[in-house]
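Close look at the chain arrangement
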Amino acid sequence: QVQLVESGGGLVRPGGSLRLSCAASGSIFSIDTMGWYRQSPGKERELVATITSDGITNYADSVKGRFTISRDNAKNTVYLQMNSLKPEDTAVYYCNARLRVGGIQRYTPYWGQGTQVTVSS
């Protein structure tokens with residue numbers, strides 16, 4: 001009933017750009033922090049960027065100055081604008097959101113299924 005769906009991944013050349021989107025849908029009463037994580041073969045899932053409900057952002061050092069996270073609260077959507085992409089950015093990117101759903105008063109983290117980003121010549 002409640003789900004996060006990512007879109008916008010694909011194949012891009014080094015130096016190129018992609019914009020990822022993640023839309024939350026279902027019986028959602030409120031959304032707190034949203035963010036993006038990524039996982040590449042042989043590595044653990046790592047933080048890329050987060051954004052609070054008030055718009056406070058946090059970025060991994062590896063993407064600072066290149067990636068921008070934003071959100072549209074009216075659409076329950078979080079975005080990740082990725083510029084100056086490098087081969088090391090290749091990974092599956094996962095959307096995360098802290099949601100209050102189904103009448104439950106506490107916020108609970110939810111994950112999308114992921115979208116593949118490949119940066120290659």
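Placed above this text is the structure.
Anyway, here's the lowdown on the structure attached to this text. Keep in mind that what you see is a predicted model, and the values were worked out from it rather than measured. (Residues numbered from 1 in each chain as written. Predicted model: local features only at pLDDT ≥ 70, side-chain atom pairs only at ≥ 80, totals over all residues. Heavy atoms only, no water.)

1. Quick word on the packing of aromatic side chains
This model, assessed by the stated rule, comprises 1 aromatic pair. Relative to Trp111, the ring of Tyr37 has its centre 5.0 Å away and its plane inclined at 65 degrees; by these criteria the two rings are edge-to-face. One end of the pair, Tyr37, is in strand S4 (residues 28-39); the other, Trp111, is in strand S10 (residues 108-111), with 74 residues separating them in the sequence. The ring of Tyr94 carries Arg45 above its face, with NZ or CZ at 3.8 Å from the centroid. Just above the ring of Trp111 sits the side chain of Arg45; from NZ or CZ to the centre is 4.7 Å. (Phe/Tyr/Trp six-rings, centres within 6.5 Å; stacked < 30°, edge-to-face > 60°. Helix = DSSP H or I, 4+ residues; strand = E, 2+ residues; numbered from the N terminus. Lys NZ or Arg CZ within 6 Å of the ring centre and 35° of its normal.)

2. A closer look at the nonpolar core
General note: in soluble globular proteins, nonpolar side chains tend to be found buried as a group. In terms of nonpolar packing, the biggest core is built from 30 residues, with Trp36, Leu80, Met82 and Tyr93 touching the most fellow members. Looking at this core, the elements that each hand over two or more residues are strand S3 (18-25), S4, strand S5 (46-51), strand S7 (67-72), strand S8 (77-82), strand S9 (91-101) and strand S11 (115-119). Top contributing element to this core by residue count: S9, with 6 residues. (Core = buried A, V, L, I, M, F, W, Y, C linked by side-chain atoms within 4.5 Å. Buried < 20%, exposed > 50% of the residue type's maximum accessible area, 1.4 Å probe, protein only.)

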